[in-house]
Amino acid sequence: MSEETLKPLVIGNWKTYVSREACAGVLTELADVPHPKDVETVVCPSHTLLAETAGPLLANGYVLGGQSCSVDPDLPDAVDVPASALVEAGCKYVVVGHAERRRLFAENDHQIAHKVQQAIQAGLTPVLCLGEDADQRRSNQTTKALQKQLQQAVALFGADWSKMVVVYQPQWALDDKTVISVIQLAGTIRTLRQLLQELHEDNGVGFPQRILYGGSVDEHNAASLMIGAEIDGVLVGRASYPAERFLQICLEVSLAARIGAYAGPRHAPLVNGAAA
Ligand SMILES: O=C[C@H](O)COP(=O)(O)O
């Protein structure tokens, strides 16, 4: 496991919040206030801003990510940015399976598996988002939903996916902009860690992954979510802009990691010598 993957990870997903007009100011603010070096800090600008943001972000110690990649660049219906083009633009990460793409573009697990495969083949680290919807939550199907999404997402490749980042991003929390409780989150993160361990045991591939949380994370809740739910970082949407808020979240995560003596992704807890 590389030194970087032992750090907590904060990903700012700009979506379309940062316009071309606002971009130069944001880049200046991100450059002026040094972000904590003990946090790996990724910024995912909109694809049309990648060219002009890559240089300044990389020069200031940020890591670059893509907001999505195409299912297969060779398919005639490929409309998204190829993973290889993201690499050329300087990206290290790419978000796949984002809740909004699952919902608005009806992206399914099979397409997401292809995206994961494309990302890995291009040398990117996939940031795989998954989570249950409101109905699944109400009917206690959360574990089943997560298991299905996980298994199908990694079904197409047998390579070492230890670097893959998993983001728990419950659809219901995004729909309502609900802030998840630390207790709720802690329980589901534990389940996810267990599911990942089972996948590891079944396939003999890399483990453990970094598990992040995404959904209404801000400068006020980032630290308590980090410590209370034992996550490895956060995926931030709205609060990734303005830069001041995003930098404060990075500081909170750094502080939480120090308080919790964070030492990298954890294994599933053991009960009587076996995984819980
Ligand atoms: O990509 C980020 C997630 O959609 C979370 O967005 P949010 O922080 O605005 O709730």
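The structure under discussion appears in the preceding block.
Now for a quick tour of the structure. Note that this is a predicted model, so its numbers are computed, not measured.

## Some points on the sheet that holds strand β7 (residues 210-214)
Okay, so step 1: Ordered in space as β1-β2-β3-β4-β5-β6-β7-β8, the eight strands form a closed barrel in which the pairing is parallel. This sheet shows a mean twist of 25 degrees between the axes of neighbouring strands, independent of strand direction.
Okay, so step 2: In this structure, strand β4 (residues 91-96) lies alongside strand β5 (residues 125-130), joined through four bridges in parallel fashion. Within the sheet, the bridge partner assigned to V94 lies in β5 and is P126.
Okay, so step 3: Packing against the sheet, helix α2 (residues 50-59) makes contact with β2 (40-44), β3 (63-66) and β4, and its axis sits at approximately 155 degrees to β3.
Okay, so step 4: Helix-sheet contacts for helix α7 (residues 142-153) involve β5 and β6 (165-168), and the interaxial angle to β5 is about 155 degrees.

## A look at the nonpolar core
Okay, so step 1: One finds V10, L30, L128, Y168, L185, Y213 and I231 to be the most contacted residues of the largest nonpolar core, which totals 63 residues.
Okay, so step 2: Element by element, the count of residues in this core is highest for helix α11 (residues 243-259), at seven residues.
Okay, so step 3: Sequence-distant contacts of L185, defined by excluding residues within four places in its chain, comprise Y168, I180, Y213, L225, A229 and I231.
Okay, so step 4: Counting residues in each nonpolar core, the second largest holds 13 residues, with I11, V42, V165 and V167 among its members.

## Brief notes about helix α10 (residues 222-229)
Side chains that are three or four residues apart share a direction in an α-helix, a result of its 3.6 residues per turn.
Okay, so step 1: Where α10 is concerned, the buried positions are A222, A223, L225, M226 and A229.
Okay, so step 2: Phi turns positive, to about 55 degrees, at E230, one or two residues after α10.

## Quick look at a nonpolar patch on the surface
Okay, so step 1: A cluster of nonpolar side chains, contributed by I227, L255 and I259, occupies part of the molecular surface with about 280 Å² of accessible area.
Okay, so step 2: Looking at where I227 falls in the secondary structure, it is placed in helix α10.
Okay, so step 3: Of the residues examined, I227 reaches a relative accessible area of 41% and is grouped as partly exposed.

## With respect to the packing of aromatic side chains
Okay, so step 1: Within this structure, the stated rule accounts for one aromatic pair.
Okay, so step 2: Taking the centre distance of 6.1 Å and the plane angle of 50 degrees together, the rings of Y168 and Y213 count as tilted. You can see Y168 sitting in strand β6 and its partner Y213 sitting in strand β7, a full 45 residues away along the chain. This pair shows no difference in class: Y168 is buried, exactly as Y213 is.
Okay, so step 3: Sitting above the plane of the F105 ring, R101 keeps its charged end 4.6 Å from the centroid.
Okay, so step 4: Sitting above the plane of the W172 ring, R137 keeps its charged end 3.8 Å from the centroid.

## Quick word on the pairing of β2
Looking along a regular strand, one sees the side chains alternate between the two faces of the sheet.
Okay, so step 1: Counting buried positions along β2 gives five out of five residues, so the element sits mostly inside the fold.
Okay, so step 2: With burial as the criterion, each face of β2 is covered, one bearing E40, V42 and C44 and the other bearing T41 and V43.
Okay, so step 3: Both strand β1 (residues 9-13) and β2 contribute to a ladder of five bridges, which runs parallel. Directly across from L9, in β2, lies its bridge partner E40.
Okay, so step 4: Note that the unit made of β1, helix α1 (residues 20-32) and β2 has a crossover that is right-handed.
Okay, so step 5: As paired strands, β2 and β3 are joined by two bridges and run parallel to one another. The residue of β3 that forms the bridge with V42 is V63.

Rules and cut-offs
- Residues numbered from 1 in each chain as written.
- Predicted model: local features only at pLDDT ≥ 70, side-chain atom pairs only at ≥ 80, totals over all residues.
- Heavy atoms only, no water.
- Pairing = 2+ DSSP bridges.
- Helix = DSSP H or I, 4+ residues; strand = E, 2+ residues; numbered from the N terminus.
- Axes fitted to C-alpha atoms, helices over the stretch in contact; angles between N-to-C directions.
- Contact = heavy atoms within 4.5 Å.
- Core = buried A, V, L, I, M, F, W, Y, C linked by side-chain atoms within 4.5 Å.
- Buried < 20%, exposed > 50% of the residue type's maximum accessible area, 1.4 Å probe, protein only.
- Patch = residues over 30% accessible without salt bridge, like charges linked within 9 Å, V, L, I, M, F, W, Y side chains within 5 Å.
- Areas by Shrake-Rupley, 256 points an atom, 1.4 Å probe, with all protein chains shown as cover.
- Salt bridge = Lys/Arg side-chain N within 4 Å of Asp/Glu carboxyl O.
- Phe/Tyr/Trp six-rings, centres within 6.5 Å; stacked < 30°, edge-to-face > 60°.
- Lys NZ or Arg CZ within 6 Å of the ring centre and 35° of its normal.
- Right-handed = clockwise from strand over helix to strand, strands pointing away.

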